[in-house]
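As a plain string of letters, each chain reads:
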Amino acid sequence: MMKSSELFERAKKVAPGGVHSPVRSFASVGGTPVFFEKADGAKMWDVEGKEYIDYCQSFGPLLFGHRHPDIAKVVHETTDLAWSFGAAEPYSLELAEFITSRIPWVEKIRFVNSGTEAVMSALRVARAATGRSKVLKFDGCYHGHLDALLVKAGSGLAGESSSDSAGIDAGMISQTLVLPLNDEKALIELFEKEGKNIACCAIEPLPANYGLLEQRKEFLQKFAQLAKEYGCLLLFDEVISGFRVGFQGMAGELGIEPDLVCYGKILGGGFPVGAYAGRTKYMDLVAPQGPVYQAGTLSANPFGMRAGLAMVSKLWNENPYPQLAERTKKMTQAIVDLLNGNKATNDIEWTASTYGSLFWFHQKTDEPIRTISAIPKGHKERFAKFFHALLKEGVYLAPSGYEVGFLSTAHDDAIIQETIRRCEIALKKL
Ligand SMILES: *Cc1c(COP(=O)(O)O)cnc(C)c1O
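Residues numbered from 1 in each chain as written. Predicted model: local features only at pLDDT ≥ 70, side-chain atom pairs only at ≥ 80, totals over all residues. Heavy atoms only, no water.

## With respect to the sheet that holds strand 5 (residues 134–139)
And then number 1: Ordered by their spatial adjacency, 7 strands build an open sheet running 4-12-11-10-9-5-8, and the pairing between neighbours is mixed. On the outer flanks of this sheet lie strand 4 (108–112) and strand 8 (176–180), each paired with one strand and no other. Averaged over neighbouring strand pairs, the angle between their axes works out to 20 degrees when direction is ignored. (Pairing = 2+ DSSP bridges. Helix = DSSP H or I, 4+ residues; strand = E, 2+ residues; numbered from the N terminus. Axes fitted to C-alpha atoms, helices over the stretch in contact; angles between N-to-C directions.)

Structure (structure tokens):
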């Protein structure tokens, strides 16, 4: 039998940190990452045969759980059709038509292979459309690992940025402005100073990559209004929220129409698909229609396109959102009660922030947490303890206190009951 610990030792010799994306390594929670072998519905099994109920769900893409039969069927069929053409095909057309006919601000769409690629390309479009160079982002929003947005707030003036990674030349981020979330005053001041130079105003309308930092609607409305007033393109990065909080994403929930929008994660039904999209007048700037170059050898791959269509049409037909939200609330409340009733964990009062099927456990604060600076001290360590207790009993959360959890439709009442039961045992053992 293979063991995770042995595989990790081998993996570290051939891949940096033994993984192919950082959070997978357990660096944030400590210990050895579990190596998984297979998955089905709400569950995953590791290489040692142990079963886990999975609340990471590949960081969001699997809204119907692992290998849902309706999607699996399409994937199997695709195996016998073609794996890639590098030529025009009908599958991306069907997916594009399905989406553009149901999301009004998506008039045209271009498929790529990841969320990062989508955001990178959308920035290029915004700069071409406006003839301006600056981009604005918020501290606590993640937009993929493109150089220009891998930045955090600088220590000096409002709007100033500093790189969040080694290997990024100062020139790559010199045009990036960074603001704190939830701060209208800082927003207004920055627009007065820089508004006319900003090509693109980027935001996760539901920031969900640094905990779950739900924004006030008035803040997002003010942001959209200022972007419009100053002629900047409003970019909603809905890579995580798109098709997750509702079919039309946060834009639909809020009634705010972005100029450009990025999707990923759910859109590919579990395969690598991203997309950038928006009004025709902007999207027609993209090659070969327009002068903005962007291409991809495996873009609009038949597996991603056909799995994606199976995914979004199932979402549209079944509208699983209200039930997902209800189950998420019910489950997280039960776990919060366990945490608050347990001597090993109730040195603080716990709560869960939720939005639809997204959840995030943390210490209760007087005001809802909307910025990264409002995240209570000690959060990371507290989460690590909770994470490992659950892991031992077969409940898998994303291995970082700054990642959110996801429910899928496979997390039915029985799975939720079993989760709560395992959680109770886990906490008793602490
Ligand atoms: C996941 C994510 C990305 C990056 O997508 P990748 O497919 O990992 O490149 C970008 N923006 C947001 C909001 C995300 O959640």
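The discussion continues.
## Here's the deal with the state of the cysteines
And then number 1: Scanning the entire structure with this criterion turns up 0 disulfides.
And then number 2: Take C201: it sits in no disulfide, and the sulfur closest to it among the cysteines is that of C232, at 4.2 Å.
And then number 3: Among the residues examined, C201 registers a relative accessible area of 0% and is labelled buried.
And then number 4: A relative accessible area of 3% means that C232 is categorised as buried. (Disulfide = S-S within 2.5 Å. Buried < 20%, exposed > 50% of the residue type's maximum accessible area, 1.4 Å probe, protein only.)

## Quick notes on the sheet that holds strand 15 (residues 395–396)
And then number 1: One open sheet holds the 4 strands; their spatial order is 1-2-3-15, and the pairing between them is mixed. Of all the strands in the sheet, just strand 1 (36–40) and strand 15 have a single pairing partner and so form its edges.
And then number 2: The pairing of strand 3 (residues 51–54) with strand 15 spans 2 bridges and is classified as parallel. Residue pairing across strands places D54 opposite Y396, the latter belonging to strand 15.
And then number 3: Across the sheet, helix 13 (residues 413–428) touches strand 2 (43–46), strand 3 and strand 15, and the angle it forms with strand 3 is around 115 degrees. (Contact = heavy atoms within 4.5 Å.)

## Side note on the domain arrangement of the protein
And then number 1: As far as domains go, the protein holds domain 1 (4–63 + 320–429) and domain 2 (69–318).
And then number 2: Each of domain 1 and domain 2 has a C-alpha centre, and the two are 26 Å apart.
And then number 3: Across the contact, 23 residues belong to domain 1 and 29 residues belong to domain 2.
And then number 4: When domain 1 packs against domain 2, the two sides together hide about 2400 Å² of surface, and 65% of this comes from carbon and sulfur.
And then number 5: If you sort the residues of domain 1 by the area they bury against domain 2, Y321, Y355 and R370 come out on top, with a joint share of 32%.
And then number 6: Run the count over domain 1 and domain 2 and you get 0 salt bridges.
And then number 7: Connecting domain 1 to domain 2 are 7 residue pairs in polar contact (both at pLDDT 80 or more).
And then number 8: The element contributing the most residues to the side of domain 1 that touches domain 2 is strand 13 (residues 350–355), with 3 residues. (Domains from an automatic or database assignment. Buried area = accessible area lost by both parts, 1.4 Å probe. Salt bridge = Lys/Arg side-chain N within 4 Å of Asp/Glu carboxyl O. Polar contact = N/O pair within 3.5 Å; in protein donor to acceptor, adjacent residues only side chain to side chain.)

## Quick notes on the environment of A277
And then number 1: Its place among the elements puts A277 in strand 12 (residues 274–278).
And then number 2: Each C-alpha atom, one on A277 and one on A96, is 9.9 Å from the other, the two residues being 181 residues apart in sequence.
And then number 3: For A277, the residues in contact, after removing those within four places along its chain, are V106, K108, I109, D259, L260, V261 and M283.

## Focus: helix 2 (residues 69–79)
And then number 1: Taken residue by residue, helix 2 has I71, V74, V75 and T78 as its buried positions. The buried residues of helix 2 all sit within an arc of 100 degrees when viewed along its axis, so they share a single face. Projecting away from the buried face of helix 2 at angles above 90 degrees are the exposed residues P69, K73 and H76.
And then number 2: Residues of helix 2 that are buried sit in contact with helix 10 (302–318). (Arc of directions from axis to C-beta.)

## Some thoughts on the packing of helix 2 against helix 10
And then number 1: The interhelical angle for the contact between helix 2 and helix 10, taken along N-to-C directions, is 155 degrees, at an axis separation of 9 Å. Classified by the interaxial angle, the pair formed by helix 2 and helix 10 is roughly antiparallel. Here the hand of the crossing between helix 2 and helix 10 comes out right-handed. The segment helix 2 lies against helix 10, with D70, I71, V74, V75, E77, T78 and T79 engaging P302, F303, R306, A307, A310, M311, K314 and E318.
And then number 2: Split by residue class, the contact of helix 2 with helix 10 holds 8 nonpolar, 2 polar and 5 charged. (Parallel < 35°, antiparallel > 145°, perpendicular 65-115°, else oblique. Left-handed = near helix turned anticlockwise from the far one by under 90°. Nonpolar A, V, L, I, M, F, W, Y, C, P; charged D, E, K, R; others polar.)

## Here's the deal with the pattern of salt bridges
And then number 1: Taken as a whole and judged by the stated rule, the model has 22 salt bridges.
And then number 2: With its nearest N and O atoms 3.7 Å apart, the salt bridge here joins D413 to R327. Placement of the pair is D413 in helix 13 and R327 in helix 11 (residues 321–340), with a sequence separation of 86 residues.
And then number 3: Overall, the relative accessible area of 40% leaves D413 in the partly exposed class.
And then number 4: Salt bridges here are not isolated pairs; linked through shared partners, they connect K43, E51, E418, R421 and R422.

## Some thoughts on the side chain of D46
And then number 1: Within the secondary structure, D46 sits in strand 2.
And then number 2: Buried charge without a salt bridge: D46, with K50 as the nearest opposite-charge side chain at an N-O distance of 6.0 Å.
And then number 3: Looking at D46, its side chain comes within polar contact range of the main-chain nitrogen of K50, at 2.9 Å.
And then number 4: Once you skip the residues sitting within four places of it in the chain, D46 turns out to touch V34, F35, F36, E37 and Y52. (Lys, Arg positive; Asp, Glu negative; His and termini not counted.)

## Focus: the site of the ligand
And then number 1: Close contacts around the ligand come from S114, G115, T116, Y142, H143, G144, E204, N209, D237, V239, I240 and K265, and that covers them all.
And then number 2: Contact between the ligand and D237: a nitrogen atom at 2.7 Å from a side-chain N or O atom of the residue.
And then number 3: Separating an oxygen atom of the ligand from a side-chain N or O atom of K265 is a distance of 2.6 Å.
And then number 4: The residue inventory of the shell around the ligand, partitioned by class, reads 3 nonpolar, 6 polar and 3 charged. (Near = heavy atom within 4 Å.)

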